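Listed here are the chains, written in short residue letters.
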There are 2 protein chains.
Amino acid sequence: MSVTPPTAPSFVLVRPQMGENIGAAARAMLNFGLEHMRIVAPRDGWPNPAAVAMASGAGRVLDAARVSPDLPDALADCSFVFATTARDRDLTKPVYTPEAAMELAAQKIAAGQRVAVLFGPERAGLENDDISRANAIVSVPVNPEFASLNLAQCVLLMGYEWMRQQGNFTPVVQEMAGTDWAQHSEIEHLAKHYEERMEDAGFFYPEHKAASMKTNLRNMWSRLPLTRADVQMLHGTLRQMVRWKERG
Amino acid sequence: MSVTPPTAPSFVLVRPQMGENIGAAARAMLNFGLEHMRIVAPRDGWPNPAAVAMASGAGRVLDAARVSPDLPDALADCSFVFATTARDRDLTKPVYTPEAAMELAAQKIAAGQRVAVLFGPERAGLENDDISRANAIVSVPVNPEFASLNLAQCVLLMGYEWMRQQGNFTPVVQEMAGTDWAQHSEIEHLAKHYEERMEDAGFFYPEHKAASMKTNLRNMWSRLPLTRADVQMLHGTLRQMVRWKERG
């Protein structure tokens, strides 16, 4: 049991059945940097070779997993516990979306609290007796006519929301692949070059439509997010057309 | 091809290999109400019995799937295309998080546009040639030291973000299990009842601490989110203590 305050929630698999699913849950967790797994009364004992085989690169999550004989033992040092469940329960308990739950978890962890998220056995999910030990319910808002999340998928979605709450990634970035946005003068030059060649090529016809055709063309170049590399390439295509035309 | 404007994005599986993964992707989609699947050049042809077997309850997603020989055919009627990819590409292209991507998708779809999201083949993902046909990249922010999302998991996360963007669920609800929150007067009454019994029991001792002990107790009752059922139960415990005491 670690003594330093945790920086992430523990994910607690309650009475998991198939070793493969325990391994898949470990993989799902590690995708989002989560390494604290706890396991309560695994059906097939522990360690479980099928879990290890499935976990592959995420084996260290299993190696560090804490195995408990029952839920109270697994939760002894936790101060806030979420229970994941798909269906309504006859229990008075706040129900959070994954987003709201992981936001609350992040706040509590920042305040030095130890937070756990419970995941039930594959077939039936958590029992009301398990849920009665949790502070709150987390429910993934799935299609009510088709809810088929398996254990690792449920773990994956909670892990994803945890990583989202960390906010350590920007919503939109731009890969520039070594080039830069074209400046206005470069776009102007391109528009002019294009118009001249199209003029040469007799594109602006009939005459009474020529002015609006030019405006539309110029407007398009201005609107497009062109890079310097794009602009160079477009100049090149125009020059190539001329060469092609001049070859006759 | 439907003529009415779509209300959700199409998910396009590009050159998928295993039928099982196509079926699992259909399940992942239907969990979040997504039914428009397109499939480009599936390795094992179409229809695929392994896909059907895996899809089980989500078979209608496969039945309605549109199969294309190549990506341009699959995207012909789409006006905005996202390409999912895990690694950096040498392409100038905006990169969105799933959240930002599905927010933009929702805006475009609300404006009557047809939006597609591309998912690459299991082993290698989309090729740069595929990505060059997309308007933007979507990248799931996974642990850079362990990124192991499979096809259906990637579909699941995008579907989840799509449903989140629909905002048709409240972030936190409260299951009340047939009871209601206690009103202020009921909490007052409980606090008074408790204090009186504790007074009777000699709890507020030593005397110079009695006032602050009472304040703390009353403050606790006010702070707790108690239901009417909780309040009745707590009154009952106090009455039972009295009965127990009177039995001597």
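Rules and cut-offs
- Residues numbered from 1 in each chain as written.
- Chains lettered and ligands numbered in written order.
- Predicted model: local features only at pLDDT ≥ 70, side-chain atom pairs only at ≥ 80, totals over all residues.
- Heavy atoms only, no water.
- UniProt positions renumbered as here; feature names shortened; annotations may be inferred.
- Helix = DSSP H or I, 4+ residues; strand = E, 2+ residues; numbered from the N terminus.
- Rg over C-alpha atoms; globule rule 2.2 N^0.38 Å.
- Buried < 20%, exposed > 50% of the residue type's maximum accessible area, 1.4 Å probe, protein only.
- Contact = heavy atoms within 4.5 Å.
- Areas by Shrake-Rupley, 256 points an atom, 1.4 Å probe, with all protein chains shown as cover.
- Lys, Arg positive; Asp, Glu negative; His and termini not counted.
- Charge placed at Lys NZ, Arg CZ, Asp CG, Glu CD.
- Expected span 1.5 Å × (residues − 1).
- Buried area = accessible area lost by both parts, 1.4 Å probe.
- Salt bridge = Lys/Arg side-chain N within 4 Å of Asp/Glu carboxyl O.
- Polar contact = N/O pair within 3.5 Å; in protein donor to acceptor, adjacent residues only side chain to side chain.
- Nonpolar A, V, L, I, M, F, W, Y, C, P; charged D, E, K, R; others polar.
- 1 Å grid on protein atoms, 1.4 Å probe; cavity = no way out; pocket = protein on both sides within 12 Å on 5 of 7 lines; lining within 4 Å.
- Points joined across faces, edges and corners; volume = space filled by probe spheres on them.
- Pairing = 2+ DSSP bridges.
- Least-squares fit on C-alpha atoms with pLDDT ≥ 70 in both.
- Arc of directions from axis to C-beta.
- Axes fitted to C-alpha atoms, helices over the stretch in contact; angles between N-to-C directions.
- Parallel < 35°, antiparallel > 145°, perpendicular 65-115°, else oblique.
- Left-handed = near helix turned anticlockwise from the far one by under 90°.

By the naming in an unreviewed UniProt entry, chain A is tRNA (cytidine/uridine-2'-O-)-methyltransferase TrmJ, taken from Sulfitobacter undariae. The Sequence similarities (unreviewed entry) field of the UniProt record for chain A holds the comment "Belongs to the class IV-like SAM-binding methyltransferase superfamily. RNA methyltransferase TrmH family."

A. Region of the structure containing the overall build of chain A. Helix and strand counts for chain A stand at 10 helices and 8 strands. Computed over the C-alpha atoms, the radius of gyration of chain A is 29 Å, more than 25% above the 18 Å expected from 2.2 N^0.38 for a compact globule of 248 residues. Dimensions of chain A along its principal axes, counting C-alpha atoms only, are 85 × 40 × 40 Å. The buried share among the 248 residues of chain A stands at 46%. Across chain A, the fraction of contacts at a sequence separation of at least 24, relative to all contacts at a separation of at least 6, is 82%. When the accessible surface of chain A is totalled, it reaches about 12600 Å², and 53% of it is carbon and sulfur. Placing the 25 positive and 28 negative side-chain charges of chain A at their respective mean positions leaves the two points 4 Å apart.

B. Main features of helix α5 (residues 98–110) of chain A. Residues and elements named next belong to chain A. In this model α5 runs 18 Å from its N-terminal to its C-terminal C-alpha over 13 residues, within 8% of the 18 Å that 1.5 Å per residue would give. Within the sequence span of α5, burial applies to P98, A100, A101, M102, L104, A105, A106, K108 and I109. One or two steps after α5, the chain reaches G112, where phi turns positive at roughly 90°.

C. A look at the interface of chain A and chain B. On the chain B side, the residues contacting the 46 residues of chain A number 46 residues. Interface area for chain A against chain B, summed over the two sides, is near 4000 Å², with a carbon-plus-sulfur share of 57%. Along the contact surface separating chain A from chain B lie 4 salt bridges. Between E99 of chain A and R164 of chain B there is a salt bridge; the shortest N-O distance is 2.7 Å. Taken together, the links from chain A to chain B amount to 12 residue pairs in polar contact (both at pLDDT 80 or more). For the side of chain A that touches chain B, the secondary-structure elements that each account for two or more residues are α1 (19–31), β5 (93–96), α5, α7 (151–166) and β8 (172–175) of chain A. Per-element accounting of the side of chain A that touches chain B gives the leading share, 7 residues, to α7 of chain A. Residues that form the side of chain A that touches chain B fall into these classes: 25 nonpolar, 12 polar and 9 charged.

D. Summary view of the pattern of salt bridges. Summed over the entire model, instances satisfying the criterion amount to 34 salt bridges over all chains. E195 of chain A is the partner of R218 of chain A in a salt bridge, and the nearest nitrogen-oxygen pair spans 3.6 Å. Placement of R218 of chain A in helix α9 (residues 207–223) and of E195 of chain A in helix α8 (residues 184–201) is noted, with a sequence separation of 23 residues between them. Judged by its relative accessible area of 28%, R218 of chain A is partly exposed. Measuring nitrogen to oxygen at the nearest pair gives 3.0 Å for the salt bridge that ties D200 of chain B to R197 of chain B. Of this pair, D200 of chain B and R197 of chain B both sit in helix α8 (residues 184–200), 3 residues apart, which is roughly one turn of that helix. Judged by its relative accessible area of 61%, D200 of chain B is exposed. Counted as one network, the salt bridges with shared partners bring together E99, E161 and R164 of chain A together with E99, E161 and R164 of chain B.

E. Representation of the layout of surface pockets in the model. Empty space within the largest pocket amounts to approximately 660 Å³. Lining the largest pocket are 26 residues, and of these N150 and Q153 of chain A together with A24, M54 and N150 of chain B sit closest to its centre. Mapped onto the lining of the largest pocket, the elements with two or more residues apiece are α1 and α7 of chain A together with α1 (19–31) and α7 (151–166) of chain B. Of the residues that constitute the lining of the largest pocket, the class distribution is 11 nonpolar, 10 polar and 5 charged. As a volume, the second largest pocket reaches approximately 570 Å³. What lines the second largest pocket is a set of 25 residues, and nearest its centre among them are A86, E122, G125, L149 and N150 of chain B. For the lining of the second largest pocket, the residue count by class is 12 nonpolar, 9 polar and 4 charged.

F. Quick look at the pairing of strand β6 (residues 115–119) of chain B. Residues and elements named next belong to chain B. Across the 5 residues that make up β6, a large majority, 5, are buried. A two-sided burial pattern is seen for β6, the buried positions comprising V115, V117 and F119 on one face and A116 and L118 on the other. With 4 bridges joining them, strand β1 (residues 10–14) and β6 adopt parallel strand pairing. Considered in β6, the bridge of F11 is made with V117.

G. A look at the relation of the copies chain A and chain B. Laying chain A over chain B is done by rotating through 180° and shifting 0.7 Å along the axis; what remains is an RMSD of 0.7 Å. These values place the two chain copies in the arrangement generated by a two-fold rotation axis. The fraction of interface residues of chain A whose copies in chain B are also interface residues reaches 100%, indicating that both copies meet through the same surface.

H. Helix α10 (residues 228–246) of chain B, seen in detail. Residue and element names in this part refer to chain B. Helix length check: α10, at 19 residues, gives a terminal C-alpha distance of 27 Å against a target of 27 Å (1.5 Å per residue), a fit within 8%. V231, L234, H235 and L238 are the residues of α10 that are buried. On an axial view of α10, the arc spanned by its buried residues comes to 100°, and they lie on one face. Across from the buried face of α10, at angles greater than 90 degrees, the exposed residues are M233 and W244.

I. Representation of the packing of α7 of chain A against α7 of chain B. Running from N to C, α7 of chain A and α7 of chain B cross one another at 60°; their axes reach a closest spacing of 11 Å. Taken together, the axis directions place α7 of chain A and α7 of chain B in an arrangement best described as oblique. Note on packing geometry: the crossing formed by α7 of chain A with α7 of chain B is right-handed. Residues Q153, L156, L157, Y160, E161 and R164 of chain A of α7 of chain A form the contact with α7 of chain B, whose own contacting residues are Q153, L156, L157, Y160, E161 and R164 of chain B. Residue composition of the contact of α7 of chain A with α7 of chain B, grouped by class: 6 nonpolar, 2 polar and 4 charged.

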